[in-house]
Number of protein chains: 2
Amino acid sequence: MSFVNLKQLAGELGLSSSTVSRAMRDSYEISTATRERVQTVARQLNYQPNPFAGSLRNNVTKTIGVVLPQVDNHFFSLAINGIEEVAQQNGYHVLIYLTHDSGEQEKAVAKYLTGGRVDGVLMALASGTRSVAHLEKLRQRGLPLVLFDRVSDSLNTATVTTDDYTSSYQATEHLLRAGSRTIAHLQVSGTLSIGNKRLHGYMAALHDHRIPYDAGLVLNGSGSNADSLRKIKNLLQQRPDIDGIFASVERLALSSYQACQQLGRAIPQDIKIVGFSNMETASLLAPSLTTITQPAYAIGKEAARILFQSIIKHKPVLPAHSMVLKSELVARASTATL
Amino acid sequence: MSFVNLKQLAGELGLSSSTVSRAMRDSYEISTATRERVQTVARQLNYQPNPFAGSLRNNVTKTIGVVLPQVDNHFFSLAINGIEEVAQQNGYHVLIYLTHDSGEQEKAVAKYLTGGRVDGVLMALASGTRSVAHLEKLRQRGLPLVLFDRVSDSLNTATVTTDDYTSSYQATEHLLRAGSRTIAHLQVSGTLSIGNKRLHGYMAALHDHRIPYDAGLVLNGSGSNADSLRKIKNLLQQRPDIDGIFASVERLALSSYQACQQLGRAIPQDIKIVGFSNMETASLLAPSLTTITQPAYAIGKEAARILFQSIIKHKPVLPAHSMVLKSELVARASTATL
DNA sequence: TTGAAAGCGTTACCAC
DNA sequence: GTGGTAACGCTTTCAA
C-alpha cells in the first residue's frame, strides 16, 4: 500500500503531471486509452489528490460551514441531517461550529470563516447575538450566507423560516378555545426576530379574543435548563391564575412539564400547554404534548439548496430567494378540554 | 474594508513576506517594534491567513473528522457537544460526516479522509459495517483514529466505550427482579461489538437466574423506525408470553412504547421495559422510562482528548489508551413492581 | 534582525 | 493529445 502524489503517479506512468491531472478529471482532450490507463494505475497506487493544493489553486474549498447554537435539540439535529444530505449530493464537505448561544463565540466563528475556509455558510443565530456586523463581513468577503430559523432581517440575504407569526397565533388561539384565559408565553430570546414573531402572534391572538396583553406573563427562558425551570416555577407560583402556557421552543415546553410536576399542577386540568417541538416522542409524554412541529429536515435541505445554487452559479444569495415553510399544529392531551 | 494576503500586507508595511510571516507568528527573531507594527496593521487591514496555503506547506490541517451513524439521537448529539468543545479548546475545526448506518457510505467517507483533509478521525461505526479494511487504510496513512461507542476490536487503536456488558447484565437483572420472566432483547446490530456485548450481558444475567436463553426472543431492530415498530409488534403478537423488553438503544425503547400502545399492552403491568437512552425527558414519558444512561458528553470529550494527545505529540493512538466509562441505571415506572 | 527564494501539490495557460 | 511552466499563499532554510 502506497500513497503517491500527482507527480509520482505521472512518473510511474511515463506521462506529465498535466496529462495525468487532466485524465483524472475526465478532460475531453485526453484519449480514452490514456485516461483509462491513468485511472487504473491511480487506483492501484491509491492516489488521492491533495485537497489543499486544489483549494489553493482554484480558490474553491468544496466545503460549507454550518453554524448552530446547539445540536442536542431535535430541531437542529434534523436540520443537520437535511443539510448534510444536500452537501453530500453536491460533493461538499461540512464544517460544523457550535456557538452555545453565545454572541462572542459566534463572532469568533465568523472570523474563522472569513479566512476563506469555506465556500458558503449556513447559520442559525445565537440568542446572545446583538449585532450582525460580523456577518456583514462574511458577505463583504463574498461568501454566500443563508440564515435559517433564527434569522435577522437586517442582513441582505436569504432566510429560511417557518410561519412563526401564524403558527404562534394558532397555538395561542388553540389554548383560548380549549378554555385557557391567562396564558403565559415563554420566549427564548427578546432580540432574535423569531422571538418577536412568536410573541406578536401570541399578542395578536389575545387581542382578537379581547384578552388584554399582560407583560408579566411573558418570560425570557434563556440560560440553562435549571435556570429555566426555576424561572418557570417562580412565575407559576407568583401568578396562580395562569391556566395556559405557550412555549416558544421545545426545551421550555419540557421545563414547563417538570415545573408542573414539581408544583403539583395537573396538565391539562390546571394548566394547558402547547409548545414548538420536534420530538418524535411528544405523543409518549404524560400527558402527550400538543406541539407546533416545524419541518426541520426540510428547512435544512432548502437552506442548503439555496446556498448551493448560489455557490455553483456564482451568484449572490438574495433576500428574494427566501422561503417560508409551514409548521403544523398537532393537538394532543396537554390541551384537551375537560 | 479590505482583504489582503501576506504579500500585500508586506507591501503595505514596506517589509518582506518572510518578516511579516514571522512577526505574525510571534517569532523570537523579530524585534518587538516591528512585530507590534505588523500586527496592528494586519488587524487594520483585516488580514486572515489562507488556511490552505498553510496546510499545504506544513502538512497540518488543524481539522479533525467526526464520522457518525446519525445525529438525530441524544447520544450522538451530546457526544458531538463534547467533541466540539475539546476541538475548540485546541483551536481545531470539525468536519462532520453522517453515514446513516450504511457501510458503503462509511467507506466513501473513509476514502475522503485518507486524502489528507484532516489530522485525525473520531468515529462511531455504522451498523451496516462488515469489514474494517477501509479503516485500516486510514491508519496506514498515519491518521490517528479513535473509535467510540460503536467500536471494533479488530482495529489496533484506542476506543472509548461504556461498560456495556455489565450494564446490560444489570438491566436484565433489574427486569428479572421486577418479576419479568420472558424477556425480549432488541438489538441494533448483530455485527458490531456493542451489539454482542449487550447481548452477552443479557444472556449472562438470564443464565445466572437459571432462565434458559431463547434465541427467538432476540430481535434485530435495524432499519427505519417504521420497520422496527412493525417487527416489535410482530414479536409481541407471536410471543404473548413476553413480559419484559430490554432495548439496546433508545430508538428501540421508544418503538416498544409505541408497539405496546398500539397493541393495548400496559406498561409496566403487562410488559416491563428498560432501555439504553440519553433522553432528558425519560422521566416525562407515560409511564416514565427506566433507562441505562451513558455519559455521552464525557465519551465525546474523552475520545477527542485521546485523539488530540496523539495529534499534538505526534504519537500513535494505542489500544492501551482506551477508556471504559460507567453507565447508570435509573429505575423508573416502566419497570415498577406491581 | 531582515530578505530572497525554493517548495508544498495542484491546475491552467500556452506551446507543440 | 500531450508536455512545460507559472501561479495559488504561505513557511522556512539560507544568506546577508
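Conventions and cut-offs
Residues numbered from 1 in each chain as written. Chains lettered and ligands numbered in written order. Predicted model: local features only at pLDDT ≥ 70, side-chain atom pairs only at ≥ 80, totals over all residues. Heavy atoms only, no water. Core = buried A, V, L, I, M, F, W, Y, C linked by side-chain atoms within 4.5 Å. Buried < 20%, exposed > 50% of the residue type's maximum accessible area, 1.4 Å probe, protein only. Helix = DSSP H or I, 4+ residues; strand = E, 2+ residues; numbered from the N terminus. Least-squares fit on C-alpha atoms with pLDDT ≥ 70 in both. Contact = heavy atoms within 4.5 Å. Near = heavy atom within 4 Å. Polar contact = N/O pair within 3.5 Å; in protein donor to acceptor, adjacent residues only side chain to side chain. Axes fitted to C-alpha atoms, helices over the stretch in contact; angles between N-to-C directions. Parallel < 35°, antiparallel > 145°, perpendicular 65-115°, else oblique. Nonpolar A, V, L, I, M, F, W, Y, C, P; charged D, E, K, R; others polar. Buried area = accessible area lost by both parts, 1.4 Å probe. UniProt positions renumbered as here; feature names shortened; annotations may be inferred. Pairing = 2+ DSSP bridges. Expected span 1.5 Å × (residues − 1). 1 Å grid on protein atoms, 1.4 Å probe; cavity = no way out; pocket = protein on both sides within 12 Å on 5 of 7 lines; lining within 4 Å. Points joined across faces, edges and corners; volume = space filled by probe spheres on them.

Caption draft 1: Just the nonpolar core, in detail. Phe246 of chain A together with Phe246 of chain B are the most contacted members of the largest nonpolar core, which has 79 residues in total. Grouped together as the second largest cluster of nonpolar side chains are 62 residues, Leu325 of chain A together with Val86, Ile96 and Leu122 of chain B included.

Caption draft 2: Unusual backbone geometry, seen in detail. Each neighbour pair has its own omega, and for alanine 286 of chain A with proline 287 of chain A the value is -10°, a cis peptide bond. A positive phi angle, near 55°, is found at aspartate 26 of chain A, a position not held by glycine. Topologically, aspartate 26 of chain A is positioned in the loop between helix H2 (17-24) and helix H3 (32-44). If you check the backbone angles, histidine 100 of chain B has positive phi at about 50° while not being a glycine. Examined against the element boundaries, histidine 100 of chain B turns out to sit in the loop between strand E2 (93-98) and helix H6 (103-114). On the accessibility criterion, histidine 100 of chain B (38% relative accessible area) is partly exposed.

Caption draft 3: Focus on the relation of the copies chain B and chain A. It takes a turn of 180° to lay chain B on chain A, together with a shift of 0.1 Å along the axis; the resulting RMSD is 0.2 Å. Accordingly, the operation relating the two chain copies is best matched by a two-fold axis. Of the residues that chain B buries at the interface, 100% are likewise interface residues in chain A, meaning the two copies contact each other through the same surface.

Caption draft 4: How the structure looks around the protein's contact with DNA strand D. Among the 24 residues in the neighbourhood of DNA strand D, the closest are listed as Thr19 and Arg22 of chain A together with Leu6, Ser21 and Arg57 of chain B. Within the contact set of DNA strand D, a phosphate oxygen lies 3.1 Å away from a backbone nitrogen or oxygen of serine 16 of chain A. One of the side-chain N or O atoms of threonine 19 of chain A is found 2.4 Å from a phosphate oxygen in DNA strand D. Within the residue set of the surface near DNA strand D, elements represented by two or more residues are H2 and helix H4 (51-58) of chain A together with helix H2 (17-24) and helix H4 (51-58) of chain B.

Caption draft 5: Structural detail: the packing of helix H6 (residues 103-114) of chain A against helix H7 (residues 133-140) of chain A. Residues and elements named next belong to chain A. Following both chains from N to C, one finds H6 and H7 inclined at 10°, their axes separated by 9 Å at the closest point. Compared by their axis directions, H6 and H7 come out roughly parallel. Listed contacts from H7 to Glu106, Lys107, Ala110, Leu113 and Thr114 of H6 are His134, Lys137 and Leu138. Grouping the amino acids of the contact of H6 with H7 by side-chain chemistry returns 3 nonpolar, 2 polar and 3 charged.

Caption draft 6: Representation of the interface of chain B and chain A within the structure. Each partner contributes to the interface: chain B provides 51 residues, whereas chain A provides 51 residues. Roughly 5000 Å² of surface becomes buried between chain B and chain A when both sides are summed, with 58% attributable to carbon and sulfur atoms. Run the count over chain B and chain A and you get 21 residue pairs in polar contact (both at pLDDT 80 or more). Where the side of chain B that touches chain A is concerned, the elements lending two or more residues are H4, helix H5 (74-89), E2, H6, helix H7 (133-140) and helix H11 (250-263) of chain B. The element best represented in the side of chain B that touches chain A is H5 of chain B, accounting for 7 residues. Of the residues contributing to the side of chain B that touches chain A, the split by class is 22 nonpolar, 22 polar and 7 charged.

Caption draft 7: Region of the structure containing the protein's contact with DNA strand C. Near DNA strand C there are 24 residues, and of these Leu6, Ser21 and Arg57 of chain A together with Thr19 and Arg22 of chain B occur at the shortest range. Here serine 18 of chain B contributes a side-chain N or O atom positioned 3.2 Å from a base nitrogen of DNA strand C. Looking at the surface near DNA strand C, the elements with two or more residues in it are H2 and H4 of chain A together with H2 and H4 of chain B. Along the lines of polarity and charge, the residues of the surface near DNA strand C split into 7 nonpolar, 11 polar and 6 charged.

Caption draft 8: Main features of the UniProt feature "domain: HTH lacI-type" (unreviewed entry) in chain A. Under the feature "domain: HTH lacI-type" (unreviewed entry), the UniProt entry names residues 4-58 of chain A. In this annotation, residues 4-58 of chain A is assigned 67% helix and 0% strand; the end-to-end C-alpha distance for the span is 21 Å.

Caption draft 9: Quick look at the pairing of strand E8 (residues 244-247) of chain A. Residue and element names in this part refer to chain A. Covered by surrounding structure in E8 are Gly244 and Phe246 together with Ile245 and Ala247, the residues of both alternating faces. With 4 bridges connecting them, strand E6 (residues 183-187) and E8 associate as parallel partners. Within the sheet, the bridge partner assigned to isoleucine 183 lies in E8 and is glycine 244. Two strands pair when backbone bridges link them, and E8 and strand E9 (residues 272-276) are joined in this way by 4 bridges, in the parallel orientation. Counted as the bridge partner of isoleucine 245 is isoleucine 273 from E9.

Caption draft 10: View of helix H9 (residues 193-208) of chain A. Between its first and last C-alpha atoms H9 of chain A spans 22 Å; for 16 residues at 1.5 Å apiece the expected length is 22 Å, and the two agree. On its buried face, H9 of chain A is in contact with strand E5 (158-162), helix H8 (164-177), E6, strand E7 (218-220), E8 and E9 of chain A.

Caption draft 11: Layout of the sheet that holds strand E10 (residues 290-293) of chain B. Residue and element names in this part refer to chain B. Reading across the sheet, the 6 strands line up as E7-E6-E8-E9-E10-E12 and stay open at both edges, with mixed pairing between neighbours. A strand with exactly one partner marks an edge of an open sheet, and here the two such strands are strand E7 (218-220) and strand E12 (328-330). Sheet twist, expressed as the mean angle between neighbouring strand axes with direction ignored, is 15°. Packed on one face of the sheet, helix H8 (residues 164-177) meets strand E6 (183-187), strand E8 (244-247), strand E9 (272-276), E10 and E12 and runs near 170° to E9. Its contacts with the sheet put helix H10 (residues 225-238) on E6, E7 and E8, and the angle it makes with E7 is roughly 160°.

Caption draft 12: Highlighting empty space enclosed by the protein. Enumeration according to the criterion identifies 2 cavities of 30 Å³ or more in this entry. The calculated volume of the largest cavity comes to roughly 110 Å³. If you trace the largest cavity, you find 13 residues lining it, with Phe52, Thr63 and Arg117 of chain A together with Phe52 and Thr63 of chain B closest to the centre. Looking at the lining of the largest cavity, the elements with two or more residues in it are H4 of chain A together with H4 of chain B. For the lining of the largest cavity, the leading source of residues is H4 of chain B, giving 3 residues. Of the residues that constitute the lining of the largest cavity, the class distribution is 5 nonpolar, 6 polar and 2 charged. Considered as a void within the structure, the second largest cavity measures approximately 40 Å³ in volume.

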